[in-house]
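Working through the structure, step by step
Next come the chains, spelled out residue by residue.
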Amino acid sequence: MLPLLPVGVAYVNHGPVTMRTDAFLPETFAASVAALRAEYVDRRGLQLRIAAPQGGAEYNSAQTACLAEQGFRLSNEPHSLETFIVDLNKPLGAIRSGLDRKWSASLRRAEQSNIVITRTQDPADFERFEALYDGIVERKGFFARQGARFFSDVSRRAPASDRIFVHLAWHENEPVAGHIGSFVGDTALAILAAAGPRGREVCASFALWWATVEYALETGNRYYDLGGIDQRENPDVYRFKKRFGGRHVTSAGNFEIAPGRSQKMLIDTAEQAWTYLRSAKVGLAKWRTGSMPAQ
């Protein structure tokens, strides 16, 4: 909600999740979108933004058509999300053999470093992850719209079957890397990840992400969405995820609908101002840490 104003945004990220078979059913997706619109736009008077689950080009086209038919339009928000999706419909050994040679070598090194992986929904572990993530934000000068505290709150409020988990990699009793992920439905989703200096030295992220693959298989997920990638702005993360052996996928984008033109104008103006202020803050952080030259 905007402060002091009766307008706000309802944001459905990677949803609605409607597939229970290999086939995408437009009528099921459309019925879910209609229910969301009735609740958040018609009843609550909010602007509804939907970033639908990612699939292939044909899958995205079907979703786009459903959203357009119900009055949704492409958002002014950031462009389409790119990711890699790993097929989990095979034995663990086959998935491992599909890893890039360099990724496999780093995983072997991590496995020899006495790294311990834990998986919890404990708020204290979300706080431990937040400390690691804040270090990455300061070092690389970027930000996520929803951070560790947001997802800790989501996990706390959600039903047990829908909760978000935090995996931590520990080395010598110190948390050195972390991963926040969702394991609901047929697709596991990597939400946030971070590693500290010690974690990078012992390749902790490789052991950590491999542990999330093992848990996804245990849970019954059929696919693993590795989360957003940006080859130009974040080439290191792009290489890390590309070497996982997944399929490159681009989303259809963010679609939205507002209860009225005035509400949309208020929201758009507020988001533009917020994005500008956050970008300025990130730029200042980069300049202070020496990762960006003074202009």
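Relevant structure appears above.
Presented here is a report on the structure given in the accompanying data block. The structure presented is a predicted model; accordingly, all values stated were derived computationally and were not measured.

A few words on the overall build of the protein chain. Tallying secondary structure elements over the protein chain gives 10 helices and 11 strands in all. Counting the 295 residues in the protein chain, one finds 41% classified as buried. For the protein chain, the proportion of contacts with a sequence separation of at least 24, taken over those separated by at least 6, is 77%. A total accessible area of about 16100 Å² is found for the protein chain, and carbon and sulfur atoms account for 52% of it.

We now examine the packing of aromatic side chains. Taken as a whole and assessed by the stated rule, the structure comprises 15 aromatic pairs. Aromatic side chains Phe165 and Tyr215 sit 5.6 Å apart centroid to centroid with 70 degrees between the ring planes, which places their arrangement in the edge-to-face category. Of this pair, Phe165 sits in strand E6 (residues 164–171) while Tyr215 is found in helix H8 (residues 204–219), placing the two residues 50 residues apart along the sequence. Residue Phe165 shares its accessibility class with Tyr215, and that shared class is buried. Summarising the aromatic geometry, the rings of Trp209 and Tyr224 are spaced 6.2 Å apart at their centres and angled 25 degrees between planes, so their arrangement reads as stacked. Of the two residues, Trp209 is situated in helix H8 and Tyr224 in strand E9 (residues 223–229); the sequence distance between them amounts to 15 residues. For Tyr224, a relative accessible area of 0% corresponds to the buried category. Above the ring of Trp210, the side-chain terminus of Arg96 is found at 5.7 Å from the ring centroid. We note Arg119 situated over the ring of Phe165; from NZ or CZ to the ring centre the distance is 6.0 Å.

For the rest of this paragraph, the subject is a nonpolar patch on the surface. Taken together, the side chains of Leu4, Leu5 and Leu266 define a hydrophobic patch exposed on the protein surface, amounting to about 330 Å² of accessible area. The partly exposed category is assigned to Leu5, whose relative accessible area is 38%.

Bringing helix H4 (residues 101–111) into the picture now. Among all positions of H4, only Trp103, Ser104, Ser106, Leu107 and Ala110 are buried. Mapping the buried residues of H4 onto a view down its axis gives an arc of 165 degrees, with all of them on the same face. In this structure, the buried residues of H4 make contact with helix H3 (92–97), H8 and helix H9 (235–242). For H4, the capping residue at the N-terminal end is Asp100, with a side-chain oxygen 2.8 Å from the backbone nitrogen of Lys102.

All right, on to unusual backbone geometry then. In this structure, the amide linkage connecting Gly15 to the following residue, Pro16, adopts the cis form with an omega of 0 degrees. Turning to its location among the elements, Pro16 is positioned in the loop between strand E1 (9–13) and helix H1 (26–43). A positive phi angle is found at His14, which is not glycine, with a value near 60 degrees. Along the chain, His14 turns up in the loop between E1 and H1. The phi angle at Asn173 is positive, at roughly 65 degrees, despite the residue not being glycine.

A word on the pairing of E1. Side chains Ala10 and Val12 project from E1 onto a buried face, and the interleaved Val9, Tyr11 and Asn13 project onto a face without burial. As paired elements, E1 and strand E2 (residues 47–51) share 5 bridges and run parallel to each other. The residue bridging Val12 from the neighbouring strand is Ile50, located in E2.

Rules and cut-offs
- Residues numbered from 1 in each chain as written.
- Predicted model: local features only at pLDDT ≥ 70, side-chain atom pairs only at ≥ 80, totals over all residues.
- Heavy atoms only, no water.
- Helix = DSSP H or I, 4+ residues; strand = E, 2+ residues; numbered from the N terminus.
- Buried < 20%, exposed > 50% of the residue type's maximum accessible area, 1.4 Å probe, protein only.
- Contact = heavy atoms within 4.5 Å.
- Areas by Shrake-Rupley, 256 points an atom, 1.4 Å probe, with all protein chains shown as cover.
- Phe/Tyr/Trp six-rings, centres within 6.5 Å; stacked < 30°, edge-to-face > 60°.
- Lys NZ or Arg CZ within 6 Å of the ring centre and 35° of its normal.
- Patch = residues over 30% accessible without salt bridge, like charges linked within 9 Å, V, L, I, M, F, W, Y side chains within 5 Å.
- Salt bridge = Lys/Arg side-chain N within 4 Å of Asp/Glu carboxyl O.
- Arc of directions from axis to C-beta.
- Polar contact = N/O pair within 3.5 Å; in protein donor to acceptor, adjacent residues only side chain to side chain.
- Pairing = 2+ DSSP bridges.

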